[in-house]
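Observations on the three-dimensional arrangement
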Amino acid sequence: METTLFYNCQLFDGKNPQIQPHTWFLVNPAGQISARGQGTTPPAEHRVDLHNQYVMPGLINCHTHLCLDPDAFDGDTGTDKVTATVRAVQNAQTMLRSGVTYVRECGSIKGVDITLSQLIEQQKLTHVPQILPAGLPFSMTGGHGSLNNGTQEVDSPDEMRQAVRQALKQGAQVIKVMATGGVMSPADFMNDPQLSTAEMRAAVLEAHHRQKTVAAHAEGNPGILNAIEAGVDSIEHGFYVNDAEIDLMLKQHTFLTPTFIAAWAIPRFGQGILPNWEIKKAADALDDLYQNINHAYQRQVPITLGTDAGTCFNYFDQTPKELELMVDHGFSNFDALQTSWHSAQLMQIAEHYGTLEEQKFADFLVLTHNPLEDIRAVQQVNKQVYQKGNRVA
């Protein structure tokens, strides 16, 4: 393998809020950036002229559901394993073409994400994002996502402890718990508390013993507070997060994943297709979601990049749209792009991914326009996508 010099680019490294012009970087045979500079270029075995285009880190989406079909409208968790696997690979390929180079699954049927992540690690599956897998999420009996066996149901701290240990044994790298009801559940609401603080704390203790993290689906109160008090690492959705919860999140360094697009898409595209109760749930919450997440952002809660891809009308090429929605509702362009870096921190991969610095892997996008000036630049259809210095899309 050769050392590759990428040169003649305008670099947004994911860390500094300015474009660095006339930049070059060397990528070693292991796919890591070994040197970076501006101006005169060093010698290299292989040279790639980027023609003064803009380079930025690959996006890291920390909330996806690769096995789901956004046009199924019902969560589609009853799909057979072969169909789910083929669909997951196709969805992952779509995500990669959109600029996502790493994902965290937040619930996958039949352990498909665990198997795919192992195949990627073994280099038997390529041209897809890397995957941090979760396996099945955990809910109370009849809780959010449990329709068609879409969750593993647990009803005590002891049941949770055993279930999480089994999931970690099977290869889960993150644990997903359901703290509240949700938009897509016909029999509950966003402010319905579900798993108890004690049950979620058992999950947190077991995961943290193995240096793994816990993500909590938590849309309303008191479920958000229950999850934070249990010690989860991230609140997913967080529609009704309040100041008392923000105080505790800042103290504990709890991340928040808004998934704006998941709520935005349902009332925008669902009229006449989805049930009225589902559209009403999302529409009623949307303005509150924008306001509450913006408030958490202003108070400097670490916000991550996640889309809930796979839910209704929430397609696998729409991660760049999530960035636009952030900017439309109060984020600066730089801070919206920083959410991908926060995803790397939450996922415990920031030592190697998330910014384009020396010793990190060369996962990057090549764009024709400046994303710090126009966040929609990341939506470019024919963008170049690289993983470890190799063009993959």
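The following paragraphs examine the structure supplied in this document. All residue numbers refer to position in the chain's written sequence, counted from 1. For a predicted model such as this one, the threshold for reporting local features is a pLDDT of at least 70, and the threshold for listing and counting side-chain atom pairs is 80 or more; totals across whole chains, interfaces and linings nevertheless cover every residue. As a convention, hydrogens and water are excluded, and side-chain values are obtained from all of the structure's heavy atoms.

**What to know about the sheet that holds strand β15 (residues 384-387)**
Sheet architecture is open: seven strands sit in the order β3-β2-β1-β4-β14-β15-β16, paired in mixed fashion. If you trace the sheet from one side to the other, it starts and ends with β3 (33-38) and β16 (390-391), each paired once. Should DSSP find at least two bridges between two strands, the strands are taken to pair. Where helices and strands are cited, they refer to DSSP runs of H or I of at least four residues and of E of at least two residues respectively, numbered from the N terminus. As defined by bridge partners, strand β14 (residues 364-367) adjoins β15 across three bridges and the pair is classed as antiparallel. Residue pairing in the sheet places L365 in a bridge with V385 of β15.

**Overview of the sheet that holds strand β6 (residues 100-105)**
On the basis of which strands lie adjacent, the open sheet formed by three strands has the order β5-β6-β7 and parallel pairing. Each end of this open sheet is capped by a strand with a single partner; those strands are β5 (59-64) and β7 (130-132). Within the sheet, the average angular offset between the axes of one strand and its neighbour, ignoring direction, is 20 degrees. Strand direction decides the pairing type here: β6 and β7, joined by three bridges, are parallel. Its bridge partner lying in β7, R104 is registered against L132. Sitting on the sheet, helix α1 (residues 81-98) touches β5 and β6, and the angle it makes with β6 is about 135 degrees. In this description, contact between two residues means that some pair of their heavy atoms is separated by no more than 4.5 Å. Interaxial angles span 0 to 180 degrees and are taken between N-to-C directions of axes, which are lines fitted to C-alpha atoms, for helices over the stretch in contact. On the sheet, helix α2 (residues 112-121) packs against β6 and β7 and is oriented at approximately 135 degrees with respect to β7.

**Overview of the side chain of K383**
Locating K383 in the fold gives a position in the loop between β14 and β15. Any residue under 20% of the maximum accessible area for its type is buried, any over 50% is exposed, and the rest in between are partly exposed; the area is computed with a 1.4 Å probe on protein chains only. We treat Lys and Arg as the positive residues and Asp and Glu as the negative residues; His and chain ends play no part in the count. In what follows, salt bridge is the name for a side-chain nitrogen of Lys or Arg lying within 4 Å of a carboxyl oxygen of Asp or Glu. No salt bridge is formed by the buried K383; the nearest opposite charge belongs to D317, separated by 8.9 Å. Distance and chemistry together define a polar contact, namely a pair of N or O atoms within 3.5 Å, with one atom able to donate a hydrogen and the other to accept it when in protein, and with adjacent residues in sequence counting only for side-chain atoms on both sides. At 3.0 Å, the side chain of K383 forms a polar contact with the backbone oxygen of V378.

**A word on α2**
Considered for burial, the residues of α2 that qualify are V112, D113, I114, L116, S117 and I120. The inward-facing, buried residues of α2 contact α1, β6, β7 and α3 (157-170).

**A closer look at empty space enclosed by the protein**
To find leftover empty space, one rolls a probe the size of a water molecule over the atoms. Using a 1 Å grid laid over the protein atoms alone, points where a 1.4 Å probe fits but cannot get out form a cavity; open sets with protein on both sides within 12 Å along at least 5 of 7 lines form a pocket; any residue with an atom within 4 Å of a point counts as lining. Grid points are joined across faces, edges and corners, and a volume is the space filled by probe spheres set on the points. Throughout the structure, instances matching the rule amount to one cavity of 30 Å³ or more. Its boundaries defined by the atoms lining it, the largest cavity holds a volume of some 40 Å³. Every residue along the wall of the largest cavity is listed here: F12, G14, M56, P57, G58, L337, S340, W341 and G354. Every element with two or more residues in the lining of the largest cavity is listed here: β4 (46-57) and α10 (333-346). Under this grouping Gly is polar, as are all residues other than the nonpolar Ala, Val, Leu, Ile, Met, Phe, Trp, Tyr, Cys and Pro and the charged Asp, Glu, Lys and Arg. The residue inventory of the lining of the largest cavity, partitioned by class, reads five nonpolar, four polar and no charged.

Any functional reading would require information that these geometric values do not contain.
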